[in-house]
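Listed below, chain by chain, are the residues.
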Amino acid sequence: MQKMRDLGVFKTTLSYNVLLNLYYKTGNKEKFDSLMSEMEENGVRFDKFTYGIRLSAAAAASDLEGIDKILAEWQSDLRSLLDWADYSIAANGYTKSGAVDKALEMLKRSEEQIPSSKRQRGAYEYLMTQYAVLGKKDETLRLWERYKEQMKINNYGYLCIMTSLSKLDDNETAEKIFEEWESEHAMYDLRIPNTLIGAYTRNGFLDKAEAIMSRISLKDQKPNHTTWNYLAKGYLDEGQIDKALESATKAVSAAPPGWMPKQGHKDVVERLSSHIKNENSTAVVGEMVWDCPKGDEETSELAEVESGQ
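Residues numbered from 1 in each chain as written. Predicted model: local features only at pLDDT ≥ 70, side-chain atom pairs only at ≥ 80, totals over all residues. Heavy atoms only, no water.

**Concerning the overall build of the protein chain**
In step 1: Each helix and strand counted, the protein chain has 18 helices and zero strands in total.
In step 2: Within the protein chain, the fraction of its 309 residues that count as buried is 47%.
In step 3: Partitioning the contacts of the protein chain with sequence separation of at least 6, the portion at a separation of at least 24 is 62%.
In step 4: Within the structure as shown, the protein chain displays about 15,900 Å² of accessible surface, and the carbon and sulfur contribution to it stands at 51%. (Helix = DSSP H or I, 4+ residues; strand = E, 2+ residues; numbered from the N terminus. Buried < 20%, exposed > 50% of the residue type's maximum accessible area, 1.4 Å probe, protein only. Contact = heavy atoms within 4.5 Å. Areas by Shrake-Rupley, 256 points an atom, 1.4 Å probe, with all protein chains shown as cover.)

Next up, the structure:
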């Protein structure tokens with residue numbers, strides 16, 4: 001870095017931002033703080049990206065004081081205005097720290113920026129999920145209705161609301177929205193019924209989960225490995241070992257090339273093994289672990305949705 005200084009590279013805000021982002025991404029707090037001090041000493045002007053990187057770093061560290069300080073500085077700098085995504089980063093940091101009131105305030109400010117944004121669809125989808133994380137069902141549904149008023153909802157939008165309602169344990173509303181989606185969308189997206197099947201199996205409603213499976217078949221669709229894994233766990237929770245084993249085996253068979261089972265699938269296999277370790281089918285369970293190809297497992301949880309800023 002000293003050579004870069006000697007060459008005069010560190011003369012612009014952009015140059016500092018590149019390194020700041022690198023240190024933030026790699027978790028090098030010492031170098032991050034040192035570079036920030038250097039910028040201040042050298043009178044390097046902060047721009048929108050500088051503030052954004054600093055805010056992201058503070059939010060990731062659940063640094064409440066840091067978030068407050070950066071927001072105050074940023075809001076007083078009229079040359080660098082915050083947009084909905086910036087406020088949502090602050091909201092996420094407050095949420096992680098348990099500062100619910102501050103998180104809600106940031107989500108409201110984020111909403112206020114949506115009309116001027118070029119990414120309105122992403123804003124609605126992301127903010128719905130954040131209200132759900134905070135357990136605010138009314139706010140989630142209010143924003144969903146506003147979203148529908150503003151534009152036609154695509155599959156990803158339905159996935160966002162279905163996942164949010166799953167987190168809120170509101171199966172009744174999720175069922176209604178699923179019916180709406182199924183009647184209006186010709187492009188079938190298995191992640192959406194999978195979300196409902198996952199919610200049903202977590203709550204012991206296996207008959208409802210099986211009914212959704214039948215509807216998938218009526219649409220000439222095939223359940224995928226995520227679908228079967230949800231069912232396997234549901235059957236296992238209810239002590240239906242034979243059905244759990246059958247579903248877990250189908251999950252492996254339906255997996256795409258390059259799939260790596262994550263903890264959810266491994267837990268099912270381990271629990272099945274403990275139930276039937278003294279029976280002949282133990283070998284089958286073992287094969288379900290060792291025969292799985294490597295890769296990433298599909299997921300319809302909020303971790304996937306929240307990256308859609």
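**A short note on the layout of surface pockets**
In step 1: Reported here for the largest pocket is a volume of approximately 510 Å³.
In step 2: Every residue lining the largest pocket is counted, 19 residues in all, and those nearest its centre are K29, F32, D33, A57 and D63.
In step 3: Elements with a minimum of two residues in the lining of the largest pocket: α2 (13-26), α3 (29-41), α4 (48-60) and α5 (64-76).
In step 4: Looking at which element gives the most residues to the lining of the largest pocket, the answer is α3, with six residues.
In step 5: In terms of residue class, the lining of the largest pocket is made up of nine nonpolar, four polar and six charged. (1 Å grid on protein atoms, 1.4 Å probe; cavity = no way out; pocket = protein on both sides within 12 Å on 5 of 7 lines; lining within 4 Å. Points joined across faces, edges and corners; volume = space filled by probe spheres on them. Nonpolar A, V, L, I, M, F, W, Y, C, P; charged D, E, K, R; others polar.)

**Things to note about the packing of aromatic side chains**
In step 1: Summed over all chains, the structure comprises nine aromatic pairs.
In step 2: Measuring from centroid to centroid gives 5.7 Å for F46 and Y51, while their planes differ by 85°, and the two rings are edge-to-face. By the burial criterion, F46 is buried, and Y51 matches it.
In step 3: Centre to centre, the rings of Y51 and W74 are 5.3 Å apart; their planes meet at 15°, and the pair counts as stacked. Taken together, the residues span a long stretch of sequence, with Y51 in helix α4 and W74 in helix α5 at a distance of 23 residues. Comparing Y51 with W74 shows no difference in burial state: the two are buried.
In step 4: Counting every residue linked through ring pairs, the aromatic cluster contains Y124, W144, Y147 and Y158.
In step 5: The ring of F205 has K208 lying over it, and the distance from NZ or CZ to the ring centre is 5.5 Å. (Phe/Tyr/Trp six-rings, centres within 6.5 Å; stacked < 30°, edge-to-face > 60°. Lys NZ or Arg CZ within 6 Å of the ring centre and 35° of its normal.)

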